[in-house]
Amino acid sequence: MRALLARYKDLYGSHPLHLLTMLAGFALAGYILTIFTPVELWNPQVWWQSIAVWFAAAIVFHDLVLFPVYALADRLLTIPAERRRSCRGEPLVPALNYIRIPALASGLMLLVFLPGIIKQGAPTYLAATGQTQQPFLGRWLLLTAAMFATSAVLYAIRIALTHHRTRTRHRTRPTRPTDTSP
Amino acid sequence: MSRRGALALVGGGALLMAVVTAGQTLGGFTRHAALLLPRGRDHGDGPNDFQINRTAAAAAIIPEGTGDSWRLRLRGGPVPVVVDRKTLMAMPQHTARLPIACVEGWSTTETWSGVRLADLARLAAVAQPRSALVASLERYGAFNHAVLQANQISNSDALLALRVNGVDLSRDHGYPARIIVPALPGVHNTKWVASIDFRDH
């Protein structure tokens, strides 16, 4: 059995799971091609409500606006850490991912639920639910605050643990071995 | 960023999306986790305080149409039968715990009671209805009527509901009477029912 697997790996070049994943991927792509005809990408009544237009606009908006913004923000986050490290020369717990993760999660929520947060389609919303979209902006802000707060607590715990570890390491470090030989 | 980090980030994002959306259809305490969605919200603590898919005001249902003058018209038999709400309440009442499962992707399960559709077919003197056209008081809108099939009429939990969770339906939930049938898309559970046409074809 093992010899057979080795033969197979020699022939194919990777684990059988790789082939299965690829086949599943191709099948899914094929399925999408069967249901996704170019006609559906275009709305002849209202051109700007076409999937094709939104897709193209999303690419342009991401590459021209979003990418520079988040790349710059990330760059600003990494600079102070580098500077501090070079000044004090001791290893720090990097705060980078403790900021990145809540920021990304908050951004994802904003992106997906933007229409509710900025109260788009209020009459439709009222007709369908009997309510207004009033709470969503506040909820998104609270959710963002909660995610950053959780991240800050985790970061504080991480720092405390690192401090504790370095201190115990210092204490248990053996003193210079004494020469016992006569 | 490492490949593992990227995978964890995408996976985490997907998980977060699941947490803030699944409550819309799971219901119960998880409903509150759908923080930023319309169907994650509370309407109150009362028996009629659950998700509405179309308000009476939006459907232009006027109070005069649903008051004491409201009548249910049953057609399909030798003669049309017209009944008021009191007569319906005097008929054998059946209770069923059924969901409104909306095609929007949310659902809510409630305890409904009212008259079995099969009993109404008998009242209309249609022995074996093959289908039924249910029409609402709502004059406009794509879902102001729905067609039920034979098995949907004969199911013992298929009701013309008059009450929910022990009280009369509220206007937004279809007072004076609404359809509730197992495994039927929410919009086909017609509200503010005005007439039912039983057909034997």
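Predicted, not measured: the structure shown is a model, and the values here were computed from it.

Reading the values: the criteria
- Chains are numbered independently. Their residues run from 1 in the order of the written sequence.
- Key to labels: chains lettered from A, ligands numbered from 1, both in the order written.
- In keeping with the model being predicted, local features are shown solely for residues with a pLDDT of at least 70 and side-chain atom pairs are shown and tallied solely at 80 or more, while totals for entire chains, interfaces and linings include all residues.
- Start and end points for every domain follow an automatic or database-based domain assignment.
- Placing a C-beta atom from the backbone of each residue, one calls two residues in contact when those atoms lie within 7 Å.
- Counting other C-beta atoms within 10 Å of a residue's own tells you its class, since 20 or more makes it buried, 12 or fewer makes it exposed, and anything in between is partly exposed; those C-beta atoms are placed from the backbone.
- Helical segments are the DSSP runs of H or I of at least four residues, strand segments are the runs of E of at least two, and each set is numbered from the N terminus.
- We treat two strands as partners when DSSP finds at least two bridges between them.

Participant: Looking at this model, I keep getting lost on the domain arrangement of chain B. Mind explaining?
Facilitator: By a widely used convention, the size of an interface equals the accessible area lost when the partners come together. Domains assigned within chain B are domain 1 (1–41) and domain 2 (45–199). Listed per partner, the contact involves four residues of domain 1 of chain B and six residues of domain 2 of chain B.

Participant: Sorry, what's going on with the pairing of strand S1 (residues 72–75) of chain B here?
Facilitator: Regular strands show a simple pattern: their side chains alternate between the two faces of the sheet. All names here are of chain B. Burial along S1 is one-sided: the residues Leu72 and Leu74 are buried and none of Arg73 and Arg75 is. As paired elements, S1 and strand S2 (residues 81–83) share three bridges and run antiparallel to each other. By the bridge assignment, Leu74 is partnered in S2 with Val81. Once S1 ends, the chain turns through five residues before running back antiparallel as S2, passing Gly76 with a positive phi of about 115°.

Participant: When you look at the pairing of strand S5 (residues 131–136) of chain B in this model, what are you seeing that I'm missing?
Facilitator: Residue and element names in this part refer to chain B. In S5, alternate side chains face the same way, and those of Ala132, Val134 and Ser136 are buried while those of Ser131, Leu133 and Ala135 on the opposite face are not. As judged from the five bridges shared by S5 and strand S6 (residues 145–149), these two strands associate in the antiparallel manner. What sits directly across from Ala135, in S6, is His145. Strand direction decides the pairing type here: S5 and strand S10 (residues 193–199), joined by six bridges, are antiparallel. Bridge pairing links Ser131 to Arg199 in S10.

Participant: Can you walk me through the environment of Met147 of chain A in this structure?
Facilitator: Residues and elements named next belong to chain A. Here Met147 lies in helix H6 (residues 135–172). Along the backbone, Met147 and Leu20 are 127 residues apart, and their C-alpha atoms lie at a distance of 38 Å. The contacts of Met147, once residues within four sequence positions are left out, are Pro102, Ala105 and Ser106.

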